[in-house]
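Descriptive analysis of the structure
Spelled out, the chains give:
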Amino acid sequence: MNKKLWRVGKEELKYIEEAINSGLSGIMNSKFEEAFAKKFGVNFAIGVNSGTSALHSALFAVGVRPGDEVIVPPITFAAPAFAVLQQGAIPVFADVDPDTFTIDPKEIEKKITRRTKAIIPVALYGLPPDMDPIMELAKKNNLKVIEDNAECFLGKYKGRLAGTIGHMAIYSFERSKHMTTGNGGVIITNNEILAERARK
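Model, not experiment: these values are computed from the prediction. (Residues numbered from 1 in each chain as written. Predicted model: local features only at pLDDT ≥ 70, side-chain atom pairs only at ≥ 80, totals over all residues. Heavy atoms only, no water.)

**A word on the nonpolar core**
For clarity, the cut-off: By nonpolar core is meant a set of buried Ala, Val, Leu, Ile, Met, Phe, Trp, Tyr and Cys residues that side-chain atoms within 4.5 Å join together. Note on exposure labels: buried denotes an accessible area under 20% of the residue type's maximum, exposed denotes more than 50%, and partly exposed covers the range between, all computed with a 1.4 Å probe on protein chains only. A run of H or I in DSSP becomes a helix once it reaches four residues, and a run of E becomes a strand once it reaches two; helices and strands are each numbered from the N terminus. Residue contacts are defined here by distance: any two heavy atoms, one from each residue, within 4.5 Å place the two residues in contact.
Leu59, Val70, Ile120, Ile146 and Met168 are the most contacted members of the largest nonpolar core, which has 24 residues in total. Listing elements by their share of this core, those giving two or more residues are α3 (51-61), β2 (69-72), α4 (79-86), β8 (168-172) and α7 (192-199). Residues within four places of valine 70 in sequence aside, it is in contact with Leu59, Val64, Val84, Ile90, Pro91, Val92, Ala118, Ile119 and Ile120. Counting residues in hydrophobic clusters, the runner-up holds 16 residues, among them Ile108, Ile112, Met131 and Leu143.

Here it is, written out as C-alpha coordinates:
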(Lines give C-alpha, C1' and ligand atoms only; values in the text may rest on other atoms or scores of the structure.)
Protein backbone atom coordinates (compact mmCIF):
# COMPACT_ATOMS: atom_id res chain seq x y z
CA MET A 1 0.00 0.00 0.00
CA ASN A 2 1.20 3.50 -0.85
CA LYS A 3 2.49 5.10 2.39
CA LYS A 4 0.83 8.39 1.42
CA LEU A 5 -2.51 6.57 1.60
CA TRP A 6 -1.89 4.78 4.90
CA ARG A 7 -5.53 5.18 5.93
CA VAL A 8 -6.79 3.40 2.81
CA GLY A 9 -6.94 -0.38 2.98
CA LYS A 10 -8.60 -3.31 1.24
CA GLU A 11 -12.04 -2.47 2.69
CA GLU A 12 -12.00 1.06 1.27
CA LEU A 13 -10.92 -0.17 -2.16
CA LYS A 14 -13.72 -2.78 -2.05
CA TYR A 15 -16.32 -0.11 -1.24
CA ILE A 16 -15.03 2.18 -4.00
CA GLU A 17 -15.43 -0.69 -6.44
CA GLU A 18 -18.95 -1.36 -5.13
CA ALA A 19 -19.88 2.30 -5.59
CA ILE A 20 -18.61 2.32 -9.18
CA ASN A 21 -20.28 -1.00 -9.99
CA SER A 22 -23.59 0.32 -8.64
CA GLY A 23 -23.49 2.96 -11.38
CA LEU A 24 -22.74 5.67 -8.77
CA SER A 25 -26.40 5.37 -7.78
CA GLY A 26 -25.99 6.74 -4.25
CA ILE A 27 -26.64 3.35 -2.67
CA MET A 28 -23.40 3.49 -0.69
CA ASN A 29 -24.36 6.88 0.74
CA SER A 30 -27.77 5.52 1.77
CA LYS A 31 -26.12 2.51 3.44
CA PHE A 32 -23.73 4.81 5.26
CA GLU A 33 -26.53 7.09 6.50
CA GLU A 34 -28.50 4.11 7.80
CA ALA A 35 -25.46 2.66 9.58
CA PHE A 36 -24.50 6.02 11.09
CA ALA A 37 -28.02 6.66 12.40
CA LYS A 38 -28.13 3.15 13.89
CA LYS A 39 -24.74 3.61 15.58
CA PHE A 40 -25.96 6.78 17.31
CA GLY A 41 -29.46 5.47 18.00
CA VAL A 42 -31.16 8.29 16.12
CA ASN A 43 -33.84 8.29 13.45
CA PHE A 44 -32.05 10.22 10.72
CA ALA A 45 -28.56 10.78 9.32
CA ILE A 46 -28.00 13.03 6.30
CA GLY A 47 -24.66 12.83 4.48
CA VAL A 48 -23.14 16.02 3.06
CA ASN A 49 -19.87 17.09 1.45
CA SER A 50 -18.27 18.66 4.56
CA GLY A 51 -18.75 19.49 8.22
CA THR A 52 -19.21 23.13 7.24
CA SER A 53 -22.01 22.19 4.85
CA ALA A 54 -23.54 20.12 7.65
CA LEU A 55 -23.61 23.22 9.87
CA HIS A 56 -25.04 25.39 7.08
CA SER A 57 -27.78 22.84 6.28
CA ALA A 58 -28.64 22.40 9.96
CA LEU A 59 -28.90 26.17 10.45
CA PHE A 60 -31.29 26.36 7.50
CA ALA A 61 -33.29 23.42 8.88
CA VAL A 62 -33.82 25.03 12.30
CA GLY A 63 -35.04 28.24 10.68
CA VAL A 64 -32.06 30.57 10.98
CA ARG A 65 -32.52 33.38 8.48
CA PRO A 66 -30.73 36.64 7.57
CA GLY A 67 -30.52 38.98 10.56
CA ASP A 68 -30.97 36.25 13.16
CA GLU A 69 -28.30 35.68 15.82
CA VAL A 70 -26.60 32.38 16.58
CA ILE A 71 -24.46 31.90 19.68
CA VAL A 72 -21.10 30.18 19.06
CA PRO A 73 -17.87 29.73 21.03
CA PRO A 74 -14.76 31.79 20.18
CA ILE A 75 -12.34 28.87 20.57
CA THR A 76 -12.87 26.38 17.75
CA PHE A 77 -12.39 26.06 14.01
CA ALA A 78 -13.90 28.94 12.01
CA ALA A 79 -16.71 26.81 10.50
CA PRO A 80 -19.46 27.49 13.08
CA ALA A 81 -19.13 31.26 12.68
CA PHE A 82 -18.64 30.99 8.89
CA ALA A 83 -21.74 28.82 8.47
CA VAL A 84 -23.79 31.38 10.43
CA LEU A 85 -22.48 34.16 8.14
CA GLN A 86 -23.17 32.01 5.08
CA GLN A 87 -26.80 31.83 6.20
CA GLY A 88 -26.89 35.65 6.40
CA ALA A 89 -27.11 35.55 10.20
CA ILE A 90 -24.88 37.04 12.89
CA PRO A 91 -22.47 34.92 14.96
CA VAL A 92 -22.47 36.03 18.61
CA PHE A 93 -19.52 34.81 20.66
CA ALA A 94 -20.11 33.47 24.17
CA ASP A 95 -16.91 32.82 26.09
CA VAL A 96 -15.64 29.41 27.14
CA ASP A 97 -15.25 27.78 30.54
CA PRO A 98 -11.55 28.21 31.48
CA ASP A 99 -11.41 24.64 32.80
CA THR A 100 -12.82 22.88 29.72
CA PHE A 101 -12.39 25.43 26.90
CA THR A 102 -15.93 24.56 25.76
CA ILE A 103 -18.71 27.15 25.64
CA ASP A 104 -19.88 28.29 29.06
CA PRO A 105 -23.68 28.10 29.64
CA LYS A 106 -23.49 31.16 31.93
CA GLU A 107 -21.89 33.15 29.11
CA ILE A 108 -24.52 31.90 26.65
CA GLU A 109 -27.26 33.24 28.91
CA LYS A 110 -25.69 36.71 28.86
CA LYS A 111 -25.72 36.78 25.04
CA ILE A 112 -29.35 35.79 24.39
CA THR A 113 -31.43 38.56 22.78
CA ARG A 114 -34.80 38.67 21.02
CA ARG A 115 -32.92 38.00 17.76
CA THR A 116 -31.22 34.81 19.00
CA LYS A 117 -32.42 31.77 17.08
CA ALA A 118 -29.92 29.00 17.84
CA ILE A 119 -26.87 27.88 19.80
CA ILE A 120 -23.96 25.89 18.39
CA PRO A 121 -22.09 24.26 21.30
CA VAL A 122 -18.82 22.80 20.01
CA ALA A 123 -17.07 19.73 21.41
CA LEU A 124 -13.35 20.37 21.63
CA TYR A 125 -10.68 17.63 21.39
CA GLY A 126 -13.25 14.96 22.25
CA LEU A 127 -14.82 16.83 25.20
CA PRO A 128 -18.52 17.72 24.85
CA PRO A 129 -19.77 20.98 26.36
CA ASP A 130 -22.00 21.03 29.46
CA MET A 131 -25.19 20.20 27.56
CA ASP A 132 -27.87 20.03 30.29
CA PRO A 133 -27.83 23.75 31.18
CA ILE A 134 -27.52 24.61 27.49
CA MET A 135 -30.67 22.61 26.70
CA GLU A 136 -32.46 24.25 29.64
CA LEU A 137 -31.58 27.70 28.28
CA ALA A 138 -32.74 26.64 24.82
CA LYS A 139 -36.08 25.40 26.14
CA LYS A 140 -36.62 28.52 28.24
CA ASN A 141 -35.88 30.83 25.30
CA ASN A 142 -37.35 28.74 22.46
CA LEU A 143 -33.96 28.23 20.78
CA LYS A 144 -32.60 25.36 18.71
CA VAL A 145 -29.35 23.61 19.59
CA ILE A 146 -27.01 22.24 16.92
CA GLU A 147 -24.19 20.21 18.46
CA ASP A 148 -20.91 20.52 16.56
CA ASN A 149 -19.21 17.19 17.23
CA ALA A 150 -16.62 17.30 14.46
CA GLU A 151 -14.05 16.45 17.14
CA CYS A 152 -16.17 14.10 19.25
CA PHE A 153 -17.07 10.78 17.67
CA LEU A 154 -18.83 8.53 20.17
CA GLY A 155 -17.86 10.78 23.09
CA LYS A 156 -20.26 10.74 26.03
CA TYR A 157 -21.89 13.36 28.23
CA LYS A 158 -23.30 11.98 31.49
CA GLY A 159 -23.67 8.55 29.87
CA ARG A 160 -25.36 9.85 26.72
CA LEU A 161 -23.72 9.95 23.30
CA ALA A 162 -22.68 13.44 22.32
CA GLY A 163 -24.79 14.45 19.35
CA THR A 164 -28.00 12.92 20.69
CA ILE A 165 -28.82 15.69 23.15
CA GLY A 166 -29.44 18.77 20.97
CA HIS A 167 -32.06 19.17 18.27
CA MET A 168 -29.45 18.32 15.62
CA ALA A 169 -25.75 17.45 15.54
CA ILE A 170 -23.03 17.49 12.92
CA TYR A 171 -19.86 15.48 12.32
CA SER A 172 -16.94 16.02 9.97
CA PHE A 173 -15.01 13.43 7.98
CA GLU A 174 -12.20 15.80 6.98
CA ARG A 175 -8.88 13.98 6.74
CA SER A 176 -7.67 14.95 10.25
CA LYS A 177 -10.82 13.76 12.04
CA HIS A 178 -11.35 10.54 14.03
CA MET A 179 -13.12 8.91 11.09
CA THR A 180 -12.36 10.18 7.62
CA THR A 181 -13.57 9.89 4.05
CA GLY A 182 -11.00 12.47 2.95
CA ASN A 183 -13.75 15.04 3.30
CA GLY A 184 -17.47 14.93 4.01
CA GLY A 185 -19.84 15.34 6.90
CA VAL A 186 -23.12 14.16 8.35
CA ILE A 187 -26.08 15.61 10.25
CA ILE A 188 -28.04 13.55 12.77
CA THR A 189 -31.43 14.25 14.35
CA ASN A 190 -34.52 12.52 15.68
CA ASN A 191 -36.80 15.17 14.18
CA GLU A 192 -38.30 14.19 10.82
CA ILE A 193 -39.13 17.76 9.78
CA LEU A 194 -35.60 19.00 10.55
CA ALA A 195 -34.13 16.00 8.71
CA GLU A 196 -36.23 16.68 5.62
CA ARG A 197 -35.33 20.38 5.59
CA ALA A 198 -31.62 19.60 5.98
CA ARG A 199 -31.70 17.07 3.16
CA LYS A 200 -33.43 19.55 0.86
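That covers the picture; the talk isn't over yet.
**Looking at the packing of α3 against α4**
Helix-helix packing: each pair is described by the crossing angle between the helix axes and the interaxial distance. Keep this limit in mind: To get an axis, a line is fitted to the C-alpha atoms, and for a helix only the part in contact is used. The angle between two axes follows their N-to-C directions and goes from 0 to 180 degrees. Each angle is binned into one of four classes, with values under 35 degrees roughly parallel, values over 145 roughly antiparallel, values of 65 to 115 roughly perpendicular, and all other values oblique. Rotating anticlockwise by less than a right angle from the far helix to the near helix defines a left-handed crossing, while the corresponding clockwise rotation defines a right-handed one. Amino acids outside the nonpolar list (Ala, Val, Leu, Ile, Met, Phe, Trp, Tyr, Cys, Pro) and the charged list (Asp, Glu, Lys, Arg) are all regarded as polar, and Gly is one of them.
Look at α3 against α4: their axes get within 9 Å of each other, and the N-to-C directions meet at 45°. Considered as vectors, α3 and α4 are oriented oblique to each other. Regarding α3 and α4, the two cross each other, and that crossing is right-handed. Facing α3, whose interface residues are Thr52, Leu55, His56 and Leu59, α4 presents Ala79, Pro80, Ala83, Val84 and Gln86. Here the contact of α3 with α4 is built from residues that sort into six nonpolar, three polar and no charged.

**Focus: the pattern of salt bridges**
As a reminder, the rule being used: For salt bridges, the criterion is a side-chain nitrogen of Lys or Arg within 4 Å of an Asp or Glu carboxyl oxygen.
Summed over the entire model, instances satisfying the criterion amount to nine salt bridges. Note that lysine 31 and glutamate 18 form a salt bridge whose closest N and O atoms lie 3.8 Å from each other. Separated by 13 residues along the polypeptide, lysine 31 in helix α2 (residues 27-40) and glutamate 18 in helix α1 (residues 10-21) bring together distant segments of the chain. Residue lysine 31 is classed as partly exposed on the basis of its relative accessible area of 44%. Aspartate 68 is paired through a salt bridge with lysine 117; the nearest N and O atoms lie 4.0 Å apart. With aspartate 68 in the loop between α3 and β2 and lysine 117 in strand β4 (residues 116-119), this pair connects stretches of sequence that are 49 residues apart.

**A short note on the sheet that holds strand β5 (residues 144-148)**
Applied cut-off: Paired strands, as defined in this entry, are two strands with at least two bridges between them according to DSSP.
An order of β1-β9-β8-β5-β4-β2-β3 is seen for the seven strands of this open sheet, with the pairing classed as mixed. The outermost strands of the open sheet, each flanked by one partner alone, are β1 (44-48) and β3 (90-93). Sheet twist, expressed as the mean angle between neighbouring strand axes with direction ignored, is 25°. Here β1 pairs with strand β9 (residues 185-189) via five bridges, running antiparallel. The residue bridging phenylalanine 44 from the neighbouring strand is threonine 189, located in β9. Across the sheet, α4 is in contact with β2, β3 and β5; its angle to β3 comes to roughly 145°. Strands β4 and β5 of the sheet are contacted by helix α6 (residues 131-141), whose axis makes an angle of about 150° with β5.

**Quick notes on α3**
By the burial criterion, the buried members of α3 are Gly51, Ala54, Leu55, Ser57, Ala58, Leu59 and Ala61. At the C-terminal side of α3, glycine 63 shows a positive phi close to 95°.

**Overview of unusual backbone geometry**
Positioned with a positive phi, leucine 154 is a non-glycine residue whose angle comes to about 65°. Along the chain, leucine 154 falls in the loop between β5 and β6 (156-157). Take leucine 154: its relative accessible area is 41%, and that puts it in the partly exposed class. The phi dihedral of lysine 158 is positive, around 50°, even though this residue is not glycine. In this fold, lysine 158 is placed in the loop between β6 and β7 (160-161).

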